[in-house]
Amino acid sequence: MSLTDADAWKVFQRIRWPETDGAPVCPKCGHDRCYDVTRGATPRFRCAACRKDFSPTSGTLFAYHKLSIRDYLAAVVLFVNAVKGISALQMGRDLDVSYKAAWVLCHKMREAMASEMKGAVIGGEGKTVEVDGMYTGGHIRPENRKEDRVDRRLAANQNGKRKVVVAIRERDGRTVTAVFPSEDASVDFIKGRVAKGTVVHTDEAATWESLRTKFRVKQVNHSIAYSHDDACTNMAESFFSRMRRAEWGQHHKISDVYLNRYAAEMGFREDHRRQPNGSLFNRVVGLVTKNAPSVDFTGRWQRKAA
Ligand SMILES: [Zn+2]
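On a predicted model such as this, the values are computed, not experimentally measured, just so you know. Note that residues are indexed from 1 along each chain, following the sequence as it is written. Two thresholds apply to this predicted model, a pLDDT of at least 70 for residue-level local features and 80 or more for giving and counting side-chain atom pairs, whereas whole-chain, interface and lining totals are computed over all residues. Hydrogens and waters are ignored; side-chain quantities use all the structure's heavy atoms.

A word on the packing of helix 6 (residues 234-251) against helix 7 (residues 259-271). For any two helices packed against each other, the geometry comes down to the angle between their axes and how far apart the axes lie. As a packed pair, helix 6 and helix 7 sit with axes 10 Å apart at the nearest point and diverge in direction by 120 degrees. Relative to helix 7, the element helix 6 lies oblique. Regarding helix 6 and helix 7, the two cross each other, and that crossing is right-handed. Contacts between helix 6 and helix 7 pair Ser238, Phe239, Arg242, Met243, Ala246 and His251 from the former with Leu259, Tyr262, Ala263, Met266, Gly267, Arg269 and Glu270 from the latter. Here the term charged refers only to Asp, Glu, Lys and Arg, the term nonpolar to Ala, Val, Leu, Ile, Met, Phe, Trp, Tyr, Cys and Pro, and the term polar to all other amino acids, Gly among them. Among the residues forming the contact of helix 6 with helix 7, the class breakdown is seven nonpolar, three polar and three charged. Here, axes are lines fitted to C-alpha atoms. For helices the fit covers the stretch in contact, and angles between N-to-C directions go from 0 to 180 degrees. Segments assigned H or I by DSSP are reported as helices when at least four residues long, segments assigned E as strands when at least two residues long, and all are numbered from the N terminus. Orientation labels follow simple angle bins: below 35 degrees gives roughly parallel, above 145 gives roughly antiparallel, 65 to 115 gives roughly perpendicular, and whatever is left gives oblique. A crossing counts as left-handed when the near helix is turned anticlockwise from the far one by less than a right angle, and as right-handed when that turn is clockwise. Between two residues, a contact is recorded if the distance between any of their heavy atoms is within 4.5 Å.

For Na, K and Ca the donor cut-off is 3.2 Å, while for other metals it is 2.8 Å, and in both cases only N, O and S atoms qualify; water is not among them, so sites may look incomplete. Of the protein atoms, only Cys26 (SG), Cys29 (SG), Cys47 (SG) and Cys50 (SG) coordinate the zinc ion, at distances of 2.3 to 2.4 Å. Each of the four donor atoms bound to the zinc ion contributes to angles spanning 102 to 118 degrees, and the resulting shape is tetrahedral. On the accessibility criterion, Cys47 (0% relative accessible area) is buried. Angle rules define the geometry names used: all angles between 85 and 135 degrees makes four donors tetrahedral, while opposite donors over 155 degrees apart and all other angles between 65 and 115 make four donors square planar and six octahedral, leaving every other case irregular. Accessibility here uses a 1.4 Å probe with only protein chains present; expressed as a share of the type maximum, an area under 20% marks a residue as buried, one over 50% as exposed, and anything in between as partly exposed.

For the rest of this paragraph, the subject is the packing of aromatic side chains. Stacked, tilted and edge-to-face are the three classes assigned to paired rings of Phe, Tyr and Trp, where Trp is represented by its six-membered ring and a pair needs centres within 6.5 Å; plane angles under 30 degrees give stacked, over 60 edge-to-face, the rest tilted. According to the stated counting rule, one finds seven aromatic pairs in the structure shown. Ring plane angle 90 degrees and centroid distance 6.3 Å describe the contact between Trp9 and Phe12, whose orientation is recorded as edge-to-face. Of this pair, Trp9 and Phe12 both sit in helix 1 (residues 5-16), three residues apart, which is roughly one turn of the helix. When the NZ atom of lysine or the CZ atom of arginine is within 6 Å of a ring's centre and also within 35 degrees of its normal, the charge is said to sit over that ring. The ring of Phe79 carries Arg269 above its face, with NZ or CZ at 4.8 Å from the centroid.

Pasting the structure below:
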C-alpha cells in the first residue's frame, strides 16, 4: 500500500512484459518500440509500427479499470493471502471501495485463477487421481407451521438450485473442478479430463462404477473407513473442506450461478497452498495479464435493479 501509483504501474508492467523488463510491447502486433503518449495518471503508449494506442492493462482482466493500479495490486495481495477466500464485503472494506467494485474485482481474480486449469487434462500412466462430489445449495426453508411443511426430499418440492461440485484431484498434482446437476452427469466430463492409464480412486457411490469403462477404479466404502483396500479420497476431501470453509465462513451462501468460479478458486488455492504469497501474487497478476474478461460484469447491477 505504500507504493506510489507510478511504482505500482512498474510492478504491473514487469509482470505483463517480463521479456522487456516492463517496457511496453504492442498487444496488437507484438512490436516493442512504442511512444509514450501518457496524459494523466494512466500510462498510455502508441505502437511505432501499427500506431495502436494502449495502456498496460489493455486486453487484460484489469482493462477498463476504475480504481487505481495500486488498489488492484493490493486487491491481489489480499485475495491470495485469504486461504479460505474473501468476501466482497470484506475486500471492499479493506480497500475502501464500494461493495460492487470489490465484487467485480474478486470475480476477475477468480477468472484469472480458473484460467490456469481451463481444458487441462490430468493424470496418465502411473498416476493416481481422486474423484469426489459435494452437493450444495438449493436449500428450501421449511414453512413456519408444521402442517404447512412439505417433504423437502421429493424432487417436486425442490427448487432446482441444488448442484454438485465435482473435484478431480491428481495426487501430487493439480485439481480440476466442475459443477453438475448430479454426480451422474459428471462422468463424461471426468473421462474427458483424465488421461488413459490413470488409476481413479472414488467413494462407494454406484455412479463411479461407470468410470471403469476407461480407468482402473478403486472404491473406498466410507461407511466402513475413510481409507481401506488401499483406496482413499482424502485429497479430494481436503479440497471440499476448504470449499465448505469458504462457503460457510466467508460467503455464507454461494449462488449456484457462480459456483463453478468459487470451485476453481478453491482448487487453485489448494494446489498452490504451500507457495509463498509473493509467488502467488506474481502468478495471479501474470494470469490477469494473459486473460481478457470472458464475462462482461458491467451493467450487472443495473440489470439486477431492473
Ligand atoms: Zn502494434
